[in-house]
Amino acid sequence: MTDNAKEPRASLDARYSDEAATARPWPEVAALLSAAELFWISTVRPDGRPHVTPLPAVWSEGALHFCTGPEERKARNLAGNAHVVLTTGTNTWDEGYDVVVEGEAVRVTDDSRLRELAAAWEAKYGSFWHFEVREGCFQHGSGHAFVFSVAPRTVFGFGKGEPFSQTRWRFSREDQ
């Protein structure tokens, strides 16, 4: 799904939303995902225990993208279970907006697409995050990293403060 594709269906959950609350328009939420510097990724270990860790991510063409070394826990978890949750927002309860993205992590191996993503990483995070692209991976220093794309299946938004709100966006996918 590209950034200008059909918008997902939004529904405000009245149980957790102030009467004055309205669902935020999807383009505003996509802009929050694009601007966010830090995300928390949740994966599942082979024995079923959760694993959560912070990481940077890039919003591009309607999906979040992150990278990880092939031997890191999250990459090993994804080899057995590609379902992930990426979360971003603020650590306050009465102001800000939190966004939770649920989807499946799919490895990106096309060198042309990886070069586009490498440029996006450096544009967003600066030269520390400069990557070369070789053999379907990001190359950084002496190591390499797998790159994953997570197209949202469901996104939750939590408005904090007056008015409090909880919105769910559902994406229709022909492959579901």
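Reference entry: report on the structure contained in this document. (Residues numbered from 1 in each chain as written. Predicted model: local features only at pLDDT ≥ 70, side-chain atom pairs only at ≥ 80, totals over all residues. Heavy atoms only, no water.)

## Quick word on the overall build of the protein chain
- Along the backbone of the protein chain there are three helices and 11 strands.
- Secondary structure of the protein chain in N-to-C order comes out as β-α-β-β-β-β-α-β-β-α-β-β-β-β.
- The C-alpha atoms of the protein chain give a radius of gyration of 17 Å, which matches the 16 Å a tight globule of 176 residues would have.
- Viewed in the frame of its principal axes, the protein chain has a C-alpha envelope of about 55 × 35 × 35 Å.
- Burial statistics for the protein chain: of 176 residues in total, 44% are counted as buried.
- In the protein chain, once contacts between residues fewer than 6 apart in sequence are set aside, the share between residues at least 24 apart is 62%.
- Accessible surface computed for the protein chain: about 9,700 Å², of which carbon and sulfur atoms make up 50%.
- Of the side-chain charges in the protein chain, 19 are positive and 25 negative, and the distance between the mean point of each set is 6 Å. (Helix = DSSP H or I, 4+ residues; strand = E, 2+ residues; numbered from the N terminus. Rg over C-alpha atoms; globule rule 2.2 N^0.38 Å. Buried < 20%, exposed > 50% of the residue type's maximum accessible area, 1.4 Å probe, protein only. Contact = heavy atoms within 4.5 Å. Areas by Shrake-Rupley, 256 points an atom, 1.4 Å probe, with all protein chains shown as cover. Lys, Arg positive; Asp, Glu negative; His and termini not counted. Charge placed at Lys NZ, Arg CZ, Asp CG, Glu CD.)

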